[in-house]
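Chains, contacts and geometry: an overview
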Amino acid sequence: MVRPMSAIKKFQVTFDCAEPERLARFWCEVLGYVTPPPPEGFATWDEFNRTLPPEKRGSWFACSDPSGVGPRLYFQRVPEGKIVKNRVHLDVRVGTGLVGAERLATLEAECARLVALGATHVQTLYADEENESCIVMQDIEGNEFCID
């Protein structure tokens, strides 16, 4: 069944985290996203944050696809740490259309770039008869994601 375009909804992905701005800036680097300008009347986000009560400072941050196509990412500070596995898992598509050694080399190069940004390489899953290679990683707060 084909739905009319008006039925397609835009969405935001929300991350619970300890350091919203730091994690948002990490994901900007991973995805090529950008942070919004500070609110009107403020030259920087730091300047804006200084106007807030201490408990609200740095409590959230966001980033978005500069082309307007991808979802906005919203990061909110929560008091509890990550207990076990995150409940949202992003797959970052860097090897689309590639197979075999070319795909693996592309994934490994992206893995090295992300490790330099603070990500952790967890495991490389090598191609088999059913699936192409992918790499399991963790962001700077331990949330699991894959590059594939």
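Now for a quick tour of the structure.

Conventions adopted
Residues numbered from 1 in each chain as written. Predicted model: local features only at pLDDT ≥ 70, side-chain atom pairs only at ≥ 80, totals over all residues. Heavy atoms only, no water. Helix = DSSP H or I, 4+ residues; strand = E, 2+ residues; numbered from the N terminus. Buried < 20%, exposed > 50% of the residue type's maximum accessible area, 1.4 Å probe, protein only. Contact = heavy atoms within 4.5 Å. Areas by Shrake-Rupley, 256 points an atom, 1.4 Å probe, with all protein chains shown as cover. Phe/Tyr/Trp six-rings, centres within 6.5 Å; stacked < 30°, edge-to-face > 60°. Core = buried A, V, L, I, M, F, W, Y, C linked by side-chain atoms within 4.5 Å. Polar contact = N/O pair within 3.5 Å; in protein donor to acceptor, adjacent residues only side chain to side chain. Pairing = 2+ DSSP bridges. Axes fitted to C-alpha atoms, helices over the stretch in contact; angles between N-to-C directions. Patch = residues over 30% accessible without salt bridge, like charges linked within 9 Å, V, L, I, M, F, W, Y side chains within 5 Å. Salt bridge = Lys/Arg side-chain N within 4 Å of Asp/Glu carboxyl O. Lys, Arg positive; Asp, Glu negative; His and termini not counted. Charge placed at Lys NZ, Arg CZ, Asp CG, Glu CD.

A few points about the overall build of the protein chain
Helix and strand counts for the protein chain come out as three helices and seven strands. Listed N to C, the secondary structure of the protein chain is β-α-α-β-β-β-α-β-β-β in terms of helices and strands. The 148 residues of the protein chain split such that 33% are buried. Sequence-distant contacts in the protein chain: of pairs separated by 6 or more residues, those separated by 24 or more amount to 57%. On the protein chain, roughly 9,500 Å² of surface is accessible, and the fraction owed to carbon and sulfur atoms is 54%.

Looking at the packing of aromatic side chains
Tallied over the full model, the rule gives nine aromatic pairs. Taking 5.2 Å as the distance between ring centres and 65 degrees as the angle between the ring planes, the aromatic pair formed by Trp 45 and Phe 61 counts as edge-to-face. Of this pair, Trp 45 sits in helix H2 (residues 45-49) while Phe 61 sits in strand S2 (residues 60-63), and the two are 16 residues apart along the sequence. No difference in accessibility class separates Trp 45 from Phe 61, as the two residues are buried.

A short note on the nonpolar core
Inside soluble globular proteins, nonpolar side chains tend to come together where they are buried. If you look at the biggest cluster of nonpolar residues, it comprises 28 residues, and the most contacted ones within it are Trp 27, Phe 75 and Phe 145. Take this core: its biggest share by element is six residues, from helix H1 (residues 20-31). Apart from the residues lying within four places of it in its own chain, the contact partners of Phe 75 are Phe 15, Cys 17, Pro 20, Leu 23, Ala 24, Trp 27, Ser 59, Trp 60, Phe 61, Ala 62 and Cys 63.

Observations concerning the side chain of Ser 59
The topology assignment puts Ser 59 in the loop between H2 and S2. By relative accessible area, which is 18% here, Ser 59 ends up buried. Polar side-chain contacts of Ser 59 include one of 2.9 Å to the backbone oxygen of Lys 56. Residue contacts for Ser 59: discarding those within four places in its chain leaves Pro 20, Phe 75, Gln 76 and Arg 77.

A look at the side chain of Glu 110
The residue Glu 110 is located in helix H3 (residues 100-116) in this model. The buried category is assigned to Glu 110, whose relative accessible area is 13%. Residues in contact with Glu 110, not counting those within four places in the same chain, are Val 30, Val 94 and Ile 147.

Section: the sheet that holds strand S7 (residues 144-147)
Strands belonging to one sheet form pairs held by backbone hydrogen bonds; the direction of such a pair is parallel or antiparallel. Overall, mixed pairing links the four strands, which are arranged S4-S7-S6-S5 in an open sheet. Both edges of this open sheet fall to strand S4 (90-92) and strand S5 (120-125), since each of them pairs with a single strand only. Geometrically, the sheet is characterised by an average inter-axis angle of 25 degrees between neighbouring strands, direction not taken into account. Where S5 lies against strand S6 (residues 134-138), five bridges are found, and the strand directions are antiparallel. Note that in S6 the partner of His 121 across the bridge is Met 137.

Remarks on a negative patch on the surface
Residues Asp 128, Glu 129, Glu 130 and Glu 132 make up a contiguous surface patch of negative charge. We classify Asp 128 as partly exposed; its relative accessible area is 44%.

A short note on the sheet that holds S2
Taken in spatial order, the three strands of this open sheet run S1-S3-S2, and their pairing is mixed. Of all strands in the sheet, those bounded by a partner on one side alone are strand S1 (12-17) and S2. Averaged over all pairs of adjacent strands, the angle between their axes in this sheet comes to 20 degrees, without regard to strand direction. Sheet topology places S1 next to strand S3 (residues 72-77); six bridges connect them, and they run parallel. The residue of S3 that forms the bridge with Asp 16 is Gln 76.

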